[in-house]
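Structural description and commentary
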Amino acid sequence: MCIRDRDGRPLVSQLLCTLETGRTHQIRVHMTHMGHPLLGDHLYGGGFKTKATHLGAAARAALTALDRQALHAALLGFEHPATGETMRFESPLPEDMALLATALEGS
């Protein structure tokens, strides 16, 4: 999904990221460095707050209601350090983020 501003420039995109390491804030730091911070990221994305003003009213309201970064770990997997067993955990999209995604699609 990619939402564009009035001039056709990308404004908001939904991405799937696959991590190679467990570095703290890895996604947040790298996305902000590329000029594409996470919605709702006040620590790393504060310089991009004006982009939210280009969203539709429903999307702005859903983002305000989210009150956190728009970041969700849908799948986590790792090798258990003691047993070597592959561990896999899945989590559905939380309701607040689903509401944001729906509102963004309508923008």
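Scroll up for the structure.
Residues numbered from 1 in each chain as written. Predicted model: local features only at pLDDT ≥ 70, side-chain atom pairs only at ≥ 80, totals over all residues. Heavy atoms only, no water.

1. What to know about helix α2 (residues 57–66)
Let me state the cut-off plainly: Here the term buried applies to any residue with accessible area under 20% of the maximum for its type, exposed to any over 50%, and partly exposed to those in between, with areas from a 1.4 Å probe on protein chains only. Strands are runs of DSSP state E lasting at least two residues, helices are runs of H or I lasting at least four, and both sets are numbered from the N terminus onward. Arc definition: directions from the helix axis to the C-beta atoms. Two residues qualify as a contact provided that any one of their heavy atoms is within 4.5 Å of a heavy atom in the partner residue.
Of the positions making up α2, those classed as buried are Ala 59, Ala 62, Leu 63 and Leu 66. When α2 is viewed along its axis, its buried side chains cluster within an angular range of 100 degrees and face the same direction. Turned more than 90 degrees away from the buried face of α2, the exposed residues are Ala 57, Thr 64 and Ala 65. Looking at the buried residues of α2, the elements they touch are α3 (95–105).

2. Details of the layout of surface pockets
Our working definition: Think of a 1 Å grid over just the protein atoms. A cavity is a set of points where a 1.4 Å probe fits yet cannot get out, a pocket is an open set with protein on both sides within 12 Å along at least five of seven lines, and lining residues have an atom within 4 Å of a point. Grid points are joined across faces, edges and corners, and a volume is the space filled by probe spheres set on the points. Under the scheme applied here, ten amino acids are nonpolar (Ala, Val, Leu, Ile, Met, Phe, Trp, Tyr, Cys and Pro), four are charged (Asp, Glu, Lys and Arg), and all others, including Gly, are polar.
Each pocket or cavity is described by its volume, and for the largest pocket that value is around 1,600 Å³. Residue lining of the largest pocket: 50 residues in total, with Leu 15, Leu 38, Ala 70, Leu 71 and His 72 positioned closest to the centre. Counting residues per element, the ones that place at least two in the lining of the largest pocket are β2 (10–13), α1 (26–33), α2, β3 (75–79) and α3. A breakdown of the residues in the lining of the largest pocket according to their chemical character gives 28 nonpolar, 14 polar and eight charged.

3. Quick word on the environment of Leu 100
Within the secondary structure, Leu 100 is located in helix α3. As a C-alpha pair, Leu 100 and Ala 62 span 38 residues in sequence and 5.0 Å in three-dimensional space.

4. Some words on α1
Owing to its 3.6 residues per turn, the α-helix aligns residues three or four sequence positions apart on the same side. Residues of α1 that are buried include every one of Gln 26, Ile 27, Arg 28, Met 31 and Thr 32, and no others. Following α1 by one or two positions, Gly 35 adopts a phi angle in the positive range, close to 90 degrees.

5. Section: the pairing of β3
For the record, the criterion: A pair of strands is considered paired only if DSSP assigns at least 2 bridges between the two.
Sheet analysis places β3 next to strand β4 (residues 86–90), joined by five bridges and oriented antiparallel. Residue pairing in the sheet places Phe 78 in a bridge with Met 87 of β4. What sits between β3 and β4 in their antiparallel hairpin is a turn of six residues, with Gly 84 showing a positive phi close to 80 degrees.

6. Structural notes on unusual backbone geometry
Even without being a glycine, His 25 presents a positive backbone phi close to 65 degrees. Here His 25 shows up in the loop between β2 and α1. Taking the relative accessible area as the measure of exposure, His 25 reaches 29% and is therefore partly exposed. Non-glycine residue Asp 67 carries a positive phi angle of around 55 degrees. Here Asp 67 lies in the loop between α2 and β3. With a relative accessible area of 63%, Asp 67 lands in the exposed category.

7. Some points on a nonpolar patch on the surface
Using the following cut-off: The residues that make up patches have over 30% relative accessible area and no salt bridge, and they are joined within 9 Å when like-charged or within 5 Å when they are Val, Leu, Ile, Met, Phe, Trp or Tyr. Note on areas: Shrake-Rupley, 1.4 Å probe, and residue coverage restricted to the protein chains presented here. One side-chain nitrogen of Lys or Arg within 4 Å of one carboxyl oxygen of Asp or Glu is enough to make a salt bridge.
Taken together, the side chains of Leu 76, Phe 78 and Phe 89 present a nonpolar region at the surface, about 300 Å² in accessible area. Its place among the elements puts Phe 89 in strand β4. By relative accessible area, Phe 89 is classed as partly exposed at 42%.

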